[in-house]
Structures are given as structure tokens and as C-alpha cells.
Amino acid sequence: SSWWSHVEMGPPDPILGVTEAFKRDTNSKKMNLGVGAYRDDNGKPYVLNCVRKAEAIIASKKMDKEYLPIGGLADFTRASAELALGENSEAFKSGRYVTVQGISGTGSLRIGASFLQRFFKASRDVYLPKPSWGNHTPIFRDAGMQLQAYRYYDPKTCSLDFSGAMDDISKIPEKSVILLHACAHNPTGVDPRQEQWKELAATVKKRNLLVYFDMAYQGFASGDINRDAWAVRHFIEQGINVLLSQSYAKNMGLYGERAGAFTVICKDAEEAKRVESQLKILIRPMYSNPPVNGARIASTILNTPDLRKEWLVEVKGMADRIISMRTQLVSNLKKEGSSHNWQHITDQIGMFCFTGLKPEQVERLTKEFSIYMTKDGRISVAGVTSGNVGYLAHAIHQVTK
Amino acid sequence: AYRTDEGQPWVLPVVKKVEQMIANNNSLNHEYLPILGLPEFRANASRIALGDDSPAIKENRIGSVQSLGGTGALRIGAEFLRRWYNGNNNTATPVYISVPSWENHNSVFVDAGFKDIRTYHYWDAAKKGLDLKGLLDDMEKAPEFSIFILHACAHNPTGTDPTPDQWKQIAAVMKRRFLFPFFDSAYQGFASGSLDKDAWAVRYFVSEGFELFCAQSFSKNFGLYNERVGNLTVVGKDADNVQRVLSQMEKIVRTTWSNPPSQGARIVATTLASPELFAEWYDNVKTMADRVLLMRSELRSRLESLGTPGTWNHITEQIGMFSFTGLNPKQVEYMIKEKHIYLLASGRINMCGLTTKNLDYVAKSIHEAVTKIQ
């Protein structure tokens, strides 16, 4: 007999299931709106030009393949911190931060979660917005933390339940951890406005909560890297020493290269050094040291003025295409004669959109129109093109009229 | 890390070639790999460890998880064992690590949640070889179902491996006492120059019907240190068991790194899948292994010519990157302070640091240390 007779079959990944079913579908008009990766207007993966150029530069340098330090490529981590905090940030200039390279967003979140489990003794509780990215919960749980929630999305209006959020957050026990999506909330696409962020910061400060930002879409949300990082920077300016996870999967299209970073804003540079030493102790038994390729590409882009300029244009291009698809979807729905209010589609931001469609409607979209999305009505706007937005609008109208 | 005779890092020629191929292939992009990794990498990596004619592969009872280096493979395996081995979430299952061992082994299993990490005898300092009796004794005394971390070849840091006969004895005890073999294979090919020879122990255990894990690293044998290329090979009783194991490992991967990095896996997969590139790689690996073997034999012969007190056959009997010279801490201090030769207090030297230019100096220095300091 086997050691593993009692091992249960793990549940199939819900998002993967969508893609599997999509692949099997033979309908020529089929659409995969579950995909969490950017697609161009032809529905194809997009390798940024600045990435190709960076790769050529790197290849020409003929570097060796020696191990990176445990904390990662220094040029990358420094540039990453500067990108998030802003070059004029007092926290950045004073060096009162530590940034370590992480395995994209997930790896960075996990390092932070493990760090909290080991060193944040005040609380085991991490408060997530309702809903949040599906993987947040298991990441924190596997790291040994407990999950709680605060109200966030209002399904009635398909927008932010700000009063509900403020109400819940103002009651979170002091010294708990609160996770906030810096921009382009996943899965709803609903972000607070700047005045709302200001109130959130004040409340969080008053409640003495430890803030953990997840920023997976800087630049990709509005097209403006400074605008997308506004909340993170505002919190820090208010004296809130945040934790931050960054990903370059979407904004540089480096998905499979796993480029990311984890930052802790500290009291001073000395504290940052101590925190860094402990982060390394956490990382070493996970994977020893991080993969170089994605970090080197990102670092080359961020640190080469011409490439950085080009990147800013390209990331804006991606964001603009998404925004344009949102606009076209809404106008096409109007043209179809839909009487529903679809304003939330253009109010929401980033890769994902909570359409407000109910499970039965989603099922019809899949069965009758071969349009694939997750049961919660979330679509990846990245999967919409000028070629299929009309079809999508038509289908949505059919199942909602 | 490996060093050339000029003391420089070495990017394998086949790696340079394959990287160029990848760069020129415009059909490739940077999309996510599946959670368990690049399929062509996983299959080829496990095939390298288990052998082309492995009965386990033929019987479809193996699984693979692409991991972040050997460390990542160890960690995924450890996390899985803690959750699912010997009951559910049995953190009390003893984990045995050799004394000495790679120092990170301990941390991997502690951070994975195991509460009872123990040591097993391994290095016999007096005879400068394997303490087989102590090792077997520890296995006899270990609670049933204990996990044993075994170095597949080129034991780190001693360079001392069991002989095939000794492995047979180890396997017999482990089978009788229901001990779980978790192999760490970081030097396949790099140790002897032969992939088959360096995988003999793992394959023997498979042929004896064991279910086992093997954490593989491609850092040294492909020189891909910073790309983090590793693979956890799972051998089970049948396909169904392996499938369920992999489905649970997928969940563990998802909360650790979601999916693995693509560059290094592409390089290895491309190389292993092409007969010509594979032959070229084999040649590159042999180059590295042969240089280390040459340094060993040259160092030993110099020490013997100098008449350095003691016996020095262990230098050539040991294998891989490291050698436990037998120098004591005082002698090591002399080497560092007086001769500016850096080695660990344990007497461990990295053979890759030896070159034709420094062999004489190192041999003379060891001679001095041994004759002057007791």
C-alpha cells in the first residue's frame, strides 16, 4: 500500500477550470474572459518593446550566472522601492526602508505574511476586503495567520461600500493587520477615490492598524505610475509605516519571470537593517535566493532613462486599451438597447470588472455564447478586443434584458 | 560554485547556445507557466534522475514539481510531508539529517513545521570516512516512519558517499523499518561525470519498491545558479496516488510562489530534449567533473610526495565539490591567517577553488599546517 492512500484530491483551480473549458470549446466566436493576463487588440499576449530591448542589452553584457544575494538584485530592489515610494519620498531618501526581491506578487506577499507570523506578536488577524484576490486567504493561512474581513464591494451598486468599509475598519481591534489593494482592486476593479483614501488613512492610523498594501498593477490601472501609487505614498506621508508587495507581472508583462518585491517601511535605517536580516533568514529556507532574469529585465528598464520612458508609454498604452474597451462595451450595450445602468463598467479600473451578472446569467453566457468568465461575474477586460466587444455586448444584453 | 582553472565562473557553452536560441525564438513570450511548471522540463528533469528505462516512469507512477532550485524542491516536499505524511499534519514525525549536512536542511524542515529534527551519524573523523555502523544503528533506533534526508551523491560537506554495497544495506534497514527516503540530489553528473553513476542510489531505492522524494538542483550541473532551476521528483506506488499527491503539492506551490520562473526551465528542457544539445551538455558536465577530479588527484599526489603526515587517500576517495580535509580548527586558523587560504573551521575545502596555478602553494601550506600545528 501507499503512504498516500489517505491524501485527498485537491479541488480543481476555479480559474484554470474556466480556461480548460474554453480550450475545449469549438465555437469560433468563443471568448476567454477569465484570463488574468493582458492581451493586445488581437487577443494575443504582448511582450513589451522595452522588455525586448532590455533583454538584448542584458544578453550583450554576457554576465555570469552566479547566485544573487538572498535579498535579490540590489539595482532592482532599489529601483522598485523608488518606483513605489517616489524619488522624492522622505522614506526612500532617508533609507528607512528595506526592499527584498520576491517571487512576483505571490512570493512577496508570502514573505510578508511569514514575517508577520514570526515577528508581529500583537495579532494573528489579517483583515481582507470583501471580496479579495482568491489567493490572499490561503497565502496568509499557510503562513500561519488568521483571516478576517471588512466590507468593501457593494453588489447593489457595483461600486465601493465606503460607509460599510469605514464602519468595519473603525471597529477592527487595534494592532490588527489590514490588507489594502493599492490600485485596481482585484477582483472588483473598484478603487477608493483620493478623498476616501484620506479618510481610510486617518481611520487606520487612529485604530493603530498595521497596513499591508498589495500593489500588483502600478501603472497598469490608470496609465500613470504616480497616480496608481498615490494611496501608498499618502499613507507613508501620514506616518503610517506600511508593508508593501509589488508585482511586475502585469505592468511589465513579466508574468512567468516572477519579478516582484516586498518592502517594509521602518522607523529608521537601523531598524531596516535588522528587519532585512530577518527577512533573509525567512527566505533562505524557502528557495535560498531569487531568480535573476525578471529582476534584471525590470531593473534594466527602470534604471535606463530611455527604456524607462518607453516603458511608461507602453504601460499607458495597455491601460488605455483596457479603458477604451470598457468605454466601448458600455456604448455597445447602449446600442443593443440595454436599459440597465452599466456605468460601473467604466467607473471600475484595471484588468478586472465585476459586471454584476448573476451565476445563472454567467452560465447562459457560457452555454449559449461560448463566453467564459468566473461564476462571480468577473471579466478580464484584457480579454476584450475591438473585434469582439460588439459580440460581448450583444450576449450580455441577451441574458440581462 | 564551480570555477575554471583561471578561477572564474563558467557559463556552460551549451547554455550560451540555448539562451541564444531562446532569444531568437520570436514565438516565445513571458506568459505564466502552469503552477507545477514547464511540462517538458518536469518530464525531462525526472527522467534524468530516474533513468530512461525507469520502471517507475514506464508504470506512470512518477510526478514532478518544477521548483525554485534544490532548496525550493526540498521546501515543497517538506511542506507536503508535514501536511500529509504519517497522518494529517503530523508535525511530530522525526526528521533525520546527517551530521554534518548542508546547514540549510535543518531550516527547511523547521520552517515547514516539523518539531522533531534529529541527526544521524555520518562522518567518522577518526578514519576520515563514512560511519556506516553509526548510520545503520541510528536507522535501527529511529521510530518507524521517520523521514531521512539522504544525499544522492557528493555528500555536502564531507564529499563522502556510501558505496553501492553500503547503500544496499541502508535501503534494507529503511525498508524493514518503514523509513521515508527524501533524497537531495544537487550534483548529478557534476560529481563523477556520469549521470547514471551519480543517480545510482536513487534508482536503486526505486527498484526496491520505495516511495520516495528526490529534490533535484540544476544549479551546479547546468551552472544555472541564479535562474533557480530545480525539480521535486515524486515516486509513488501507482498513478492514482501520485496524482493526488501532485494536486496537493499544487496547492502548496500556489501559496509559496504561484508558478515557477520560466527562463531556467526553458534552457534545461530545450537541452535535455535534443540529442545533440544533450550530448553537448554531457560533455560540459564532464569538463567540470574532470577538472575537480584532476585537482583531487593532483592535491593528493603532492601531499604524498611532500610526505605530509597522515593519510591522504580520502582526498581522491571523496567526491564532488567539497572535501573534508581532516584539518583541525587550529590548523585551519593557520591556513587562513598565515597562508591566506580560506576554508571552513570544519576543514572543508571547496575543490573548485584549486587551480593548476595554486596547487603547489595549497599543498605546501597544508603540509606546513599539519607539521607545525597539532
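Please refer to the structure placed before this passage.
Keep in mind that what you see is a predicted model, and the values were worked out from it rather than measured.

**What to know about the sheet that holds strand E2 (residues 95–99) of chain B**
Residue and element names in this part refer to chain B.
Link 1 in the chain: Strand order across the open sheet formed by 7 strands is E1-E9-E8-E7-E6-E2-E3, with mixed pairing between neighbours. Across the chains shown, the open sheet's two edge strands, defined by having one partner strand only, are strand E1 (62–68) and strand E3 (117–121). Averaged over all adjacent pairs, the angle separating strand axes in this sheet is 25°, with direction ignored.
Link 2 in the chain: Alignment of strand E8 (residues 212–217) against strand E9 (residues 229–235), held across 6 bridges, turns out to be antiparallel. Residue pairing for E9: Cys 214 is matched across the bridge by Thr 233.
Link 3 in the chain: Contacts from helix H6 (residues 132–141) reach E3 and strand E6 (147–151) within the one sheet, and its direction differs from that of E3 by about 140°.

**Considering the side chain of His151(B)**
Residue and element names in this part refer to chain B.
Link 1 in the chain: Along the chain, His 151 falls in strand E6.
Link 2 in the chain: For His 151, a relative accessible area of 6% puts it in the buried group.
Link 3 in the chain: Leaving out residues up to four positions away in the same chain, His 151 has contacts with Ser 98, Ser 101, Trp 102, His 105, Asn 156, Trp 167 and Asp 184.

**A look at empty space enclosed by the protein**
Link 1 in the chain: Under the criterion given, the structure shown has 2 cavities of 30 Å³ or more.
Link 2 in the chain: If you add up the space inside the largest cavity, you get close to 90 Å³.
Link 3 in the chain: Lining of the largest cavity is provided by 13 residues; of these, Tyr150(A), Tyr152(A), Leu180(A), Pro192(A) and Leu200(A) occupy positions nearest its centre.
Link 4 in the chain: Tallying contributions element by element places helix H7 (residues 162–169) of chain A first for the lining of the largest cavity, with 3 residues.
Link 5 in the chain: Residue composition of the lining of the largest cavity, grouped by class: 11 nonpolar, 2 polar and no charged.
Link 6 in the chain: In this structure, the second largest cavity occupies an estimated 50 Å³ of space.
Link 7 in the chain: Forming the boundary of the second largest cavity are Tyr120(B), Tyr122(B), Leu135(B), Met139(B), Leu150(B), His151(B), Pro162(B), Trp167(B) and Ile170(B).

**What about the layout of surface pockets?**
Link 1 in the chain: There is about 820 Å³ of room inside the second largest pocket.
Link 2 in the chain: Taken together, 30 residues make up the lining of the second largest pocket; nearest its centre are Glu55(A), Ala59(A), Glu19(B), Ala23(B) and Gln263(B).
Link 3 in the chain: Among the secondary structure elements, those contributing two or more residues to the lining of the second largest pocket are helix H2 (49–61) and helix H12 (292–303) of chain A together with helix H1 (13–24) and helix H11 (262–273) of chain B.
Link 4 in the chain: The dominant element in the lining of the second largest pocket, judged by the number of residues it contributes, is H1(B), at 6 residues.

**Observations concerning the packing of helix H2 (residues 39–50) of chain B against helix H9 (residues 200–207) of chain B**
Geometrically, a packed helix pair is captured by the angle between its two axes and the distance between the axes.
All names here are of chain B.
Link 1 in the chain: Following both chains from N to C, one finds H2 and H9 inclined at 90°, their axes separated by 8 Å at the closest point. Considering their axes alone, H2 and H9 lie roughly perpendicular with respect to each other. From H2, Ile 48, Ala 49 and Leu 50 reach across to H9, where they touch Val 202, Arg 203 and Val 206.
Link 2 in the chain: When grouped by side-chain class, the residues that make up the contact of H2 with H9 number 5 nonpolar, no polar and 1 charged.

**A few points about the interface of chain B and chain A**
Link 1 in the chain: Facing the 62 residues of chain B at the interface are 58 residues of chain A.
Link 2 in the chain: Interface area for chain B against chain A, summed over the two sides, is near 5,100 Å², with a carbon-plus-sulfur share of 53%.
Link 3 in the chain: The three residues of chain B that bury the most area against chain A are His30(B), Asn226(B) and Thr255(B), which together make up 16% of that side's buried surface.
Link 4 in the chain: Joining chain B to chain A, the criterion identifies 7 salt bridges.
Link 5 in the chain: With a closest N to O distance of 3.4 Å, Glu103(B) and Arg284(A) form a salt bridge.
Link 6 in the chain: Counting the contacts that link chain B with chain A gives 37 residue pairs in polar contact (both at pLDDT 80 or more).

Cut-offs applied
Residues numbered from 1 in each chain as written. Chains lettered and ligands numbered in written order. Predicted model: local features only at pLDDT ≥ 70, side-chain atom pairs only at ≥ 80, totals over all residues. Heavy atoms only, no water. Pairing = 2+ DSSP bridges. Helix = DSSP H or I, 4+ residues; strand = E, 2+ residues; numbered from the N terminus. Axes fitted to C-alpha atoms, helices over the stretch in contact; angles between N-to-C directions. Contact = heavy atoms within 4.5 Å. Buried < 20%, exposed > 50% of the residue type's maximum accessible area, 1.4 Å probe, protein only. 1 Å grid on protein atoms, 1.4 Å probe; cavity = no way out; pocket = protein on both sides within 12 Å on 5 of 7 lines; lining within 4 Å. Points joined across faces, edges and corners; volume = space filled by probe spheres on them. Nonpolar A, V, L, I, M, F, W, Y, C, P; charged D, E, K, R; others polar. Parallel < 35°, antiparallel > 145°, perpendicular 65-115°, else oblique. Buried area = accessible area lost by both parts, 1.4 Å probe. Salt bridge = Lys/Arg side-chain N within 4 Å of Asp/Glu carboxyl O. Polar contact = N/O pair within 3.5 Å; in protein donor to acceptor, adjacent residues only side chain to side chain.

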